[in-house]
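Spelled out, the chains give:
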Amino acid sequence: MCIEFKHNSLSKKITDLLPNLEMATKTLKLQSVSKKTNARKLVISTNWLDVFGFNKGTDVIEDVVGRNQGIEVLKASISDTKTKKVYSRSYKNRGDETQMDIRSQAKLNMGLGDAVEAHIVFTKNKLSISPIFAPENRAIASGLNITLGEKGISFTAIIDALNTIRDKKFAKLVVEADESYKNSQEFTIFLMSIRRMGYSLEKTASGSLVAVLGDGAVASMADYKHFPTFTNTPPKFDHKNPLGTFSVCTSGVDVYGIEKEGFNVSAALDYRPIEERDVKKTACPETGIITRKLKSDKTEAGAICTAINAKSLKLIINEDIYKAILNQSTTKYLKNISFFQASLQCCDFSAMKNKADRERHIQDLSSTRDMIIPMLQIIEHINPATALIENVVPFAKSDECALFVDRLRMVGYTVSVKVLAAEDFNGYTKRPRCYIFATKLESSFNWPTPVKRTSHVWNDIIEPNQHLMRDITHSKSVQKGIAIGRIRPIKQGSHVAPTVVKSASRVTKDGVYPKIGDRYFMPNNDMFKMMMGIDEGFDLSLFSQETGTEFIGQSVCLNLHKHIATSIKKHILEFAYKNLSNAKNTLMFNQLAPLPL
């Protein structure tokens, strides 16, 4: 696990900061022992090992649960004889990493069968490892014919079709669509979604699309088999925990913010996808074949940042949202959720990405335009009482937003869409955002109204901290940004700054940098935090400047988010008070938090 952190003894520091965490989950691929053999191994190299008691030198035993039922790794007792030790490896750029591996072919074949990936549940002194089979090994033999377009299924019924495909895992799909519909965004989303499930597409002479489940881009599909689907069903409201929260696609800022407003974030899902810049490409001089080697794995970084900054967190799901497995182990943390909050990945709706890159990323599935699909699947199966989804402003007018909202309404939510800007809520940056709020509760909800402005970014942040900034005027990216008009300066005396982006610390042509005279300067992360309304209590001490800036730049502005959270809290507690009052349950009534003014 290769993450850009400041400290070599990272796992020990994380362990000290996470005394309340009860469970973490992760998915790992099985690897070949060597090119000369078919033997496999499961290498577990992760910071979560130390957190749950598997430190270097710990004696462990491996037990097969049953055929294709998985493997358990437990701390060994004094009487155990066939034990192994947890070990570590040292690296120049990131210190020691705690690791363990399973190489017994008998145990792997019995417990994991021919699985290509394994799902791991980390709990104190125990790892539960379950097999994840490749799509072609789980498909039923029959096929499915689907007709899309004006004469076929409705707009929002795409979700039903995808749910059926995911659950049944048909070996073959035949997709018919009107020519006009084939050029629509919803058709693109549909095709992206089935490709992620492992289907390869071929066009027939008649114009139909045939999708065959085989060796696809992704080895697993999201699994919610332990959660029934709730359509137009009231949520089970937990009056003992009226502000219980599940936070998805977070690096911790939004969790930190709403905990300050009284919410109890018991579970979170975060996984930072591998990006192009994380991979080193090398071309062979003789053949020209390009090999890709991972140079920086940050998949755990956001989850760790969330865990160390969330005081009430019990479960962290460190899995890709497109493949996340919500199984029986996690149900107790995800039942009766009052509030679900998530930030959809915004890159493909932002002006920061050009059209050519958007099209290319759809083809290679690095695009996240279809993230609404797994987000909806989670909401439908968790059935939270309320949900808040955040994205950039252009999302509000997209087909994806229309599909998302229509589906929420179809499954019983009352939905409101609103564009709000941080500068209207005393924020230091403009930070306009699209918010979608959905509720199944019968109580009033009102978006917050703008407040009187008292903050001043130059007087409060830039001028007092000039000594913390470095001059970046000489940078080629800054010079290019000036030349093409993409640079976004914080001008001397400005009361509000442009929107901060996650790439700011990499010195980009469209970065947000204070300008003093004809010179441009790079703020440090403490200054970026202040611009986003994040106080000094939010801990970024484990992370490099670049990784920390990513968390800040992709986060919500807490000056605005606290006002939204207060409105949602009032909405939830009004429902709770009303229902408890009717039931005359005075004991529980007195335990509820007071209504916000």
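Structure shown above.
**Looking at the nonpolar core**
- By size, the foremost hydrophobic cluster in this structure holds 98 residues, and its most contacted members are Ile-44, Trp-48 and Ile-129.
- Top element by residues in this core is helix 17 (residues 558–583). It accounts for 10 residues.
- If we ignore the near neighbours within four places in the chain, the residues touching Ile-44 are Leu-28, Leu-49, Thr-98, Gln-99, Met-100, Ile-120, Phe-122, Leu-127 and Ile-129.

**Some words on the environment of Ile-372**
- When you line up the elements, Ile-372 lands in helix 11 (residues 372–382).
- Note on Ile-372: relative accessible area 1%, which makes it buried.
- Each residue touching Ile-372, except ones within four places of it in the same chain, is listed here: Ile-189, Leu-344, Phe-395, Glu-400, Leu-403 and Phe-404.

**A few points about the sheet that holds strand 24 (residues 470–471)**
- Here 4 strands make up an open sheet; going across it, the order is 24-27-26-25 and the pairing mixed. Whereas interior strands pair on both sides, the edge strands pair on one side only; in this sheet they are strand 24 and strand 25 (488–491).
- Taken together, the 4 bridges between strand 25 and strand 26 (residues 512–516) define a ladder with parallel strand orientation. If you follow Lys-491 over to strand 26, its bridge partner there is Lys-515.

**Notes on the pairing of strand 27 (residues 519–522)**
- As defined by bridge partners, strand 24 adjoins strand 27 across 2 bridges and the pair is classed as antiparallel. Paired with Arg-470 across the bridge in strand 27 is Met-522.
- In the sheet, strand 26 pairs with strand 27 via 2 bridges, with the strands oriented antiparallel. Residue pairing in the sheet places Ile-516 in a bridge with Arg-519 of strand 27.
- In textbook terms, the turn of a hairpin is the stretch between consecutive antiparallel strands, and for strand 26 and strand 27 this stretch comprises 2 residues, one of which, Gly-517, has a positive phi near 65°.

**Observations concerning the packing of aromatic side chains**
- Under the defined criterion, the tally for this structure stands at 10 aromatic pairs.
- Relative to Phe-575, the ring of Phe-237 has its centre 5.1 Å away and its plane inclined at 70°; by these criteria the two rings are edge-to-face. With Phe-237 in the loop between strand 14 (209–213) and strand 15 (244–248) and Phe-575 in helix 17, the pair connects residues that are 338 residues apart, well separated along the chain. The exposure classification of Phe-237 matches that of Phe-575, with both residues buried.
- Through successive ring pairs, a cluster of aromatic residues spans Phe-437, Phe-445 and Trp-447.
- The lysine or arginine in question, Arg-196, covers the ring of Tyr-322, its NZ or CZ lying 3.8 Å from the ring centre.
- The residue whose ring lies beneath Lys-440 is Tyr-413, and the NZ or CZ to ring-centre distance is 4.7 Å.

**Here we look at the side chain of Thr-330**
- With respect to the secondary-structure elements, Thr-330 resides in the loop between strand 19 (315–317) and helix 9 (331–334).
- Among the polar contacts listed, one links the side chain of Thr-330 to the backbone oxygen of Asn-327, at a separation of 2.9 Å.
- Apart from residues lying up to four places away in sequence, Thr-330 is in contact with Met-23, Thr-25 and Leu-315.

**Here's the deal with helix 4 (residues 157–168)**
- Between the first and last C-alpha of helix 4 there are 17 Å, a value that for 12 residues agrees with the 16 Å anticipated at 1.5 Å per step.
- At the exit of helix 4 stands Lys-169, carrying a positive phi of roughly 55°.

**Observations concerning the packing of helix 11 against helix 12 (residues 399–410)**
- The geometry of helix 11 relative to helix 12 is characterised by a closest axis approach of 11 Å and an angle of 15° between their N-to-C directions. Considered as vectors, helix 11 and helix 12 are oriented roughly parallel to each other. Once helix 11 is placed against helix 12, the crossing between them reads as right-handed. Between helix 11, through Ile-372, Met-375, Leu-376, Ile-379 and Glu-380, and helix 12, the contact on the second element is made entirely by Glu-400, Leu-403, Phe-404, Arg-407 and Leu-408.
- Counted by class, the contact of helix 11 with helix 12 contains 7 nonpolar, no polar and 3 charged residues.

Rules of the game
- Position numbers for residues count from 1 along each chain, tracking the sequence in the order it is written.
- In keeping with the model being predicted, local features are shown solely for residues with a pLDDT of at least 70 and side-chain atom pairs are shown and tallied solely at 80 or more, while totals for entire chains, interfaces and linings include all residues.
- Think of the side-chain values as coming from all heavy atoms in the structure, minus any hydrogens and water.
- In this description, a nonpolar core means a group of buried Ala, Val, Leu, Ile, Met, Phe, Trp, Tyr and Cys residues linked to one another through side-chain atoms lying within 4.5 Å.
- Buried means the residue's accessible area, taken with a 1.4 Å probe over protein chains only, is under 20% of the maximum for its type, while exposed means over 50%, and partly exposed covers the values in between.
- The helix count covers DSSP runs of H or I at least four residues long, the strand count covers runs of E at least two residues long, and both are numbered beginning at the N terminus.
- Contacts were defined at the residue level, with two residues in contact if any of their heavy atoms lie within 4.5 Å.
- Any two strands with at least two DSSP-identified bridges between them are counted as paired.
- In this analysis, rings of Phe, Tyr and Trp, with Trp reduced to its six-membered ring, are considered paired at centre separations within 6.5 Å, and the interplanar angle assigns stacked below 30 degrees, edge-to-face beyond 60, and tilted for intermediate values.
- By definition here, charges over rings are those cases where NZ of Lys or CZ of Arg is within 6 Å of the ring centre and within 35 degrees of the ring normal.
- The term polar contact refers here to a pair of N or O atoms within 3.5 Å; inside protein, the definition further demands a hydrogen-donor-capable atom paired with an acceptor-capable atom, and it admits residues adjacent in sequence only when both atoms are side-chain atoms.
- Given the number of residues in a helix, its expected span is that number minus one, multiplied by 1.5 Å.
- Simply put, an axis is a line fit to the C-alpha atoms, just over the touching stretch for a helix, and the angle between two N-to-C directions goes from 0 to 180 degrees.
- Reported orientations rely on four angle classes, namely roughly parallel under 35 degrees, roughly antiparallel over 145, roughly perpendicular from 65 to 115, and oblique for the rest.
- In a left-handed crossing the near helix is turned counterclockwise from the far helix by less than a right angle, and in a right-handed crossing that turn is clockwise.
- When residues are sorted by character, Ala, Val, Leu, Ile, Met, Phe, Trp, Tyr, Cys and Pro go into the nonpolar class, Asp, Glu, Lys and Arg into the charged class, and all the rest, Gly among them, into the polar class.

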